[in-house]
Amino acid sequence: MTQPVQGRGRFAPSPTGLLHLGNLRTALLAWLFARYSGASFVLRMEDIDRQRTRQGHAEQILADLRWLGLDWDEGPDVGGPFAPYVQSERTALYAEHLERLIAAGDLYPCYCSRTDIAEAASAPHSPLSAAGYPGTCRDPERRERQKQRNPGREPSYRFRITEQHVTSTDDRLRGATAVHLTGPKDDFVVWRADGTAAYQLAVVVDDAMMQVGEVVRGADLYESTPLQLVLFRSFGYRAPRYVHVPLWQNTEGKRLSKRDGSAGIAALQSEGLTPAGVVGMLAASCGLVEDKTECSPRELLAAFSPELLIGAQVGA
Ligand code: GLU
């Protein structure tokens with residue numbers, strides 16, 4: 001069993017857009033949690049979704065984080081013992097782990113298209129939520145029919161959730177929650193029909209291989225955690241600790257999306273904001289400092305403790 005070195009932290013942006021204030025705050029908090037415990041900080045570029053990855057964004061993300069004053073001990077631009085730190089260069093590792101899951105009998109090929117799944121969910125009397133998988137390809141005969149219905153389609157691979165898959169997510173900010181996954185609704189994709197690893201597989205392999213001890217990330221990924229815990233267990237890897245930090249919301253109370261690009265670093269720079277001004281703004285938005293404070297990440301660290309966020313109202 002791989003033993004994570006206690007406390008190694010990471011930030012894992014996807015270069016599908018530039019970082020907006022919400023992502024920047026998550027990066028700052030991930031850095032603070034790691035540095036607070038004297039841990040190494042790893043930067044990993046999650047560019048497996050090639051279709052959504054945009055040219056030049058990875059470099060810009062690194063430049064933006066450095067402009068803020070964040071640093072990392074391992075990453076795409078600095079290397080490190082677990083290189084490469086760019087997911088598109090780690091495909092052999094993901095393929096190897098796919099084989100392990102197939103050999104363990106944890107997966108089944110799935111020929112359903114998105115439309116098939118949406119149709120099954122909207123059928124009259126369907127007990128499914130739109131997000132659930134109808135389980136069609138769990139059954140070899142129905143799978144064969146699906147294959148014929150979608151000729152030429154390569155299969156994706158889904159993890160077969162069984163009644164043993166009860167997990168408990170122990171989140172440092174939210175406490176422990178028992179999660180009862182139910183198959184086949186929760187059978188999730190680990191390998192996509194386009195021949196690439198799905199996020200759930202790539203992130204687990206990387207967090208395990210890079211010996212991440214604590215994952216600090218946005219609350220939008222909270223629902224993925226039980227699935228990731230299932231994968232950690234299946235591989236026999238020890239799972240990290242999790243901290244899901246609230247998402248920054250826009251003035252309408254909705255979470256910022258990558259399209260809120262206007263709130264990115266370039267816009268702030270053009271308004272004349274300095275790194276200390278932006279760090280202060282990010283920190284003030286989660287109650288770490290007073291409004292209008294200007295400070296560097298290091299200055300913030302001197303007064304930081306995770307308890308300051310626990311139970312705090314972290315709004316915009
Ligand atoms: N790459 C993911 C994102 O940018 C984050 C993955 C994670 O932190 O687990 O949303």
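These notes cover the structure that comes with them. (Residues numbered from 1 in each chain as written. Predicted model: local features only at pLDDT ≥ 70, side-chain atom pairs only at ≥ 80, totals over all residues. Heavy atoms only, no water.)

1. Here's the deal with the overall build of the protein
Right, so step 1: When helices and strands are tallied, the protein shows 10 helices and 9 strands.
Right, so step 2: At 21 Å, the protein has a C-alpha radius of gyration in line with the 20 Å of a compact globule built from 316 residues.
Right, so step 3: Looking at the protein as a whole, 50% of its 316 residues are labelled buried.
Right, so step 4: Pairs at least 24 residues apart make up 75% of the contacts formed inside the protein by residues separated by at least 6 positions.
Right, so step 5: Accessible area for the protein stands at about 15000 Å²; split by element, carbon and sulfur atoms hold 50% of it. (Helix = DSSP H or I, 4+ residues; strand = E, 2+ residues; numbered from the N terminus. Rg over C-alpha atoms; globule rule 2.2 N^0.38 Å. Buried < 20%, exposed > 50% of the residue type's maximum accessible area, 1.4 Å probe, protein only. Contact = heavy atoms within 4.5 Å. Areas by Shrake-Rupley, 256 points an atom, 1.4 Å probe, with all protein chains shown as cover.)

2. Section: the site of the ligand
Right, so step 1: Every residue lining the ligand is accounted for by R10, A12, P13, S14, E46, Y199, V203, R217 and L221.
Right, so step 2: One of the side-chain nitrogen or oxygen atoms of S14 is found 2.8 Å away from a nitrogen atom of the ligand.
Right, so step 3: Alone, the ligand offers 300 Å² of accessible surface; in the complex the protein occludes 80% of this.
Right, so step 4: Looking at side-chain class alone, the shell around the ligand contains 5 nonpolar, 1 polar and 3 charged residues. (Near = heavy atom within 4 Å. Polar contact = N/O pair within 3.5 Å; in protein donor to acceptor, adjacent residues only side chain to side chain. Nonpolar A, V, L, I, M, F, W, Y, C, P; charged D, E, K, R; others polar.)

3. Digging into unusual backbone geometry
Right, so step 1: In this structure, P84 follows A83 across a cis peptide bond, with omega equal to 0°.
Right, so step 2: On the secondary structure map, P84 appears in the loop between helix 2 (57–68) and helix 3 (91–103).
Right, so step 3: Geometrically, the link from G183 to P184 is a cis peptide bond, its omega value of 0° lying close to zero.
Right, so step 4: Examined against the element boundaries, P184 turns out to sit in the loop between strand 6 (175–180) and strand 7 (189–191).
Right, so step 5: Here the phi dihedral of K292 falls at roughly 70°; this positive angle occurs in a residue that is not glycine.
Right, so step 6: Here K292 is to be found in the loop between helix 9 (275–285) and helix 10 (297–302).

These figures come from the coordinates and say nothing about function on their own.
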